[in-house]
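One-letter residues, chain by chain:
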Amino acid sequence: MQSKIIHIHYYHSPIGELVLGEFENQLCLCDWRYRSKRNEVDSRILNGLKATFEEKETDVLKETINQLDAYFAKTRETFDLPLVLVGTDFQQSVWKALQNIPYGKTQTYLGLSKQMNNPKAIRAVAGANGANALSIIIPCHRIIGSNQELVGYAGGLTAKRKLLALEQGSQLELF
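Thresholds applied
- Residues numbered from 1 in each chain as written.
- Predicted model: local features only at pLDDT ≥ 70, side-chain atom pairs only at ≥ 80, totals over all residues.
- Heavy atoms only, no water.
- Buried < 20%, exposed > 50% of the residue type's maximum accessible area, 1.4 Å probe, protein only.
- Helix = DSSP H or I, 4+ residues; strand = E, 2+ residues; numbered from the N terminus.
- Arc of directions from axis to C-beta.
- Contact = heavy atoms within 4.5 Å.
- Pairing = 2+ DSSP bridges.
- Axes fitted to C-alpha atoms, helices over the stretch in contact; angles between N-to-C directions.
- Salt bridge = Lys/Arg side-chain N within 4 Å of Asp/Glu carboxyl O.

Draft legend 1. Here's a closer look at helix H3 (residues 89–98). Among all positions of H3, only Gln91, Val94, Trp95, Ala97 and Leu98 are buried. Take H3 and look down its axis: the buried residues cluster within an arc of 160 degrees, on one side only. Packing partners of the buried residues in H3 comprise helix H1 (38–49), helix H4 (109–115), helix H5 (122–130) and strand S6 (143–144).

This is the structure we're talking about:
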């Protein structure tokens, strides 16, 4: 039986390199290339979709790049891409809730767990947030600690700070 293919392409964003992946005309990966859990995330996606990676640019990946370029140019606040989410039902519910956090706004892990009607699931929400394979597209960078401090981010806290500054119109040096 022939394996299915996830087409991947690398995108050099102004704040770090991302690996993009398309599976059957849907985006399944937009994640920091050099994150600490790269192998874990890749394994989950490869096993979940029963596929292998092959480097090739596709129409979905070109459109993803166009939309990311527009986001970084501050001409796009939301993404309109077909997505396939690979994770548990709980992880997927967290990722869908993340998509409801408006551009330029932040939320805490506690706030997100309350929004999901599960206020005791703070650690599970944090774990699902960290497992997000569609960074920026699913805005896990908008989650901050209850003390309003920046906390964990797959792309690193510098990238998180720059994404939030971009969205909030901060005068900080972004790039």
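Having seen it, we continue.
Draft legend 2. Expanded view of the sheet that holds strand S2 (residues 16–23). A sheet is described by the order of its strands in space; here four strands give the open sequence S3-S2-S1-S4, paired in mixed fashion. A strand with exactly one partner marks an edge of an open sheet, and here the two such strands are strand S3 (26–32) and strand S4 (51–55). Along the sheet, successive strands turn relative to each other by an average axial angle of 30 degrees, direction set aside. Against the sheet, H1 touches strand S1 (4–13), S2, S3 and S4, its axis set at about 170 degrees to S3. Against the sheet, helix H2 (residues 59–72) contacts S1, S2 and S3, and its axis sits at roughly 25 degrees relative to S1.

Draft legend 3. Examining the pattern of salt bridges more closely. A full pass over the atoms with the stated rule returns six salt bridges. Among the salt bridges present, the one from Glu24 reaches Lys4, with a minimum N-O distance of 3.8 Å. Remark: Lys4 occurs in strand S1 and Glu24 occurs in the loop between S2 and S3; sequence separation between them is 20 residues. Under the relative-accessibility criterion, Glu24 is labelled partly exposed at 47%. A relative accessible area of 42% places Lys4 in the partly exposed class. Between Glu167 and Arg142 there is a salt bridge, with its nearest N and O atoms 2.8 Å apart. Residue Glu167 is located in helix H6 (residues 157–167), and its partner Arg142 is located in the loop between H5 and S6; the two are separated by 25 residues in the primary sequence. A relative accessible area of 7% places Glu167 in the buried class.

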